[in-house]
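So the chains spell out like this:
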Amino acid sequence: MSFSMKDFVHLHVHTNYSLLDGAMDIKALLDRVRELGMPAVAITDHGVMYGCLKFYRYARELGINPLLGCEIYVAPRGLKDKVAKIDDNPAHLVLLAENNEGYQNLMQLVSLANLEGFYYRPRVDRAALQRHAKGLIALSACSSGSIARLLLEGQRVEAKAQVLLYQKIFGPTNFFLELQNQLLPEQKGLNEELARLGAECQVPLVATNDVHYLQREDAVMHDLLLCIQTG
């Protein structure tokens, strides 16, 4: 089967609104998407939606379908729990607005995360996700997602329970297990485990690239941002 760039849509993308992490200007991103002939692209910045309006307007101007989203942080316990070394390592989860109701719910979640759940990072909890799940498509995120973390720790039973929970929250057609391959040593085995879980739980798979910069030569600039972020 032949495959071209026009058949692929990036669903996990960080712009420079992912502070000290994304190294990509929104207009440059969308110009590149048009150059490659891709029909659509998502914006999924870490914990914020500041870039969504600019992204939406310029994408529509170029005839590209803008997919509005956010990579949120999910608190290990509750939204109000803020104890050092227990609540300071939230899991990642990618959310995409399927329709206007989903966009409204996504704004509610991001606002809640920043105003009430902030502890090192803006966080939501699973109760908040249940209240605001309508119209949202969820992807299990990178190796910092809760399911991937549990699989990497060998906790397969717990990982399967997480899959079933998110499937229940978002619905059987709106939750996807996310596969990535940036040539990291743990990814091959992790992807195999995710695929097996997907088959067991009847959860569809989606391939993403967790994009943080535009061109190969931008990797050095991105590395500098990470150095500043991590000290």
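Computed from a predicted structure; not experimentally measured.

Chemist: For the nonpolar core, give the residues involved together with the corresponding values.
Modeler: One finds Leu30, Leu95, Leu129, Ile147, Tyr166, Phe170 and Phe175 to be the most contacted residues of the largest nonpolar core, which totals 52 residues. Among all residues touching phenylalanine 170, those that are not within four sequence positions of it are Leu93, Leu95, Leu129, Ala133, Leu136, Ala138 and Phe175. With 7 residues, the next largest nonpolar core counts Val94, Leu96, Leu139 and Ala141 among its residues.

Chemist: Give me the pattern of salt bridges: which residues, what numbers.
Modeler: Per the stated rule, a full pass over the model turns up 8 salt bridges. Residues glutamate 35 and arginine 32 are paired through a salt bridge, measuring 2.8 Å at the closest nitrogen-oxygen approach. Taken together, the residues span about one helical turn, with glutamate 35 and arginine 32 both in helix α1 (residues 26-36) at a distance of 3 residues. Ionic pairing is found between lysine 188 and glutamate 192, a salt bridge with its closest N-O pair at 2.8 Å. Of this pair, lysine 188 and glutamate 192 both sit in helix α7 (residues 187-201), 4 residues apart, which is roughly one turn of the helix. Looking at lysine 188, the relative accessible area reads 61%, which means it is exposed. Look at the salt bridges and you will find they share partners, linking Arg156, Lys160, Glu193, Arg196 and Glu200 into a network.

Chemist: For the environment of leucine 62, give the residues involved together with the corresponding values.
Modeler: Within the fold, leucine 62 resides in helix α2 (residues 52-62). Under the relative-accessibility criterion, leucine 62 is labelled buried at 15%. The spacing of leucine 62 and aspartate 31 is 31 residues in sequence and 8.0 Å in space, taken between C-alpha atoms.

Chemist: Break down helix α6 (residues 156-170) for me, with residues and values.
Modeler: Owing to its 3.6 residues per turn, the α-helix aligns residues three or four sequence positions apart on the same side. With 15 residues, α6 ought to run about 21 Å at 1.5 Å a step, and its terminal C-alpha atoms sit 21 Å apart, in line with that. Of the positions making up α6, those classed as buried are Ala159, Gln162, Val163, Tyr166, Gln167, Ile169 and Phe170. Projected down its long axis, α6 carries its buried residues within an arc of 165°, all on one side. Opposite the buried face of α6, at more than 90 degrees from it, the exposed residues are Val157 and Lys168.

Chemist: Please set out the packing of aromatic side chains residue by residue, giving values where relevant.
Modeler: In the structure shown here, the tally under the stated rule is 3 aromatic pairs. Ring centres of tyrosine 119 and tyrosine 120 lie 4.8 Å apart, and the angle between their planes is 80°; on these two criteria the pair is classed as edge-to-face. Tyrosine 119 gets classed as buried once you look at its relative accessible area, which sits at 16%. When the centroid spacing of 6.2 Å and the interplanar angle of 35° are considered together, the rings of tyrosine 166 and phenylalanine 170 count as tilted. Of this pair, tyrosine 166 and phenylalanine 170 both sit in helix α6, 4 residues apart, which is roughly one turn of the helix.

Scoring rules and cut-offs
- Residues numbered from 1 in each chain as written.
- Predicted model: local features only at pLDDT ≥ 70, side-chain atom pairs only at ≥ 80, totals over all residues.
- Heavy atoms only, no water.
- Core = buried A, V, L, I, M, F, W, Y, C linked by side-chain atoms within 4.5 Å.
- Buried < 20%, exposed > 50% of the residue type's maximum accessible area, 1.4 Å probe, protein only.
- Contact = heavy atoms within 4.5 Å.
- Salt bridge = Lys/Arg side-chain N within 4 Å of Asp/Glu carboxyl O.
- Helix = DSSP H or I, 4+ residues; strand = E, 2+ residues; numbered from the N terminus.
- Expected span 1.5 Å × (residues − 1).
- Arc of directions from axis to C-beta.
- Phe/Tyr/Trp six-rings, centres within 6.5 Å; stacked < 30°, edge-to-face > 60°.

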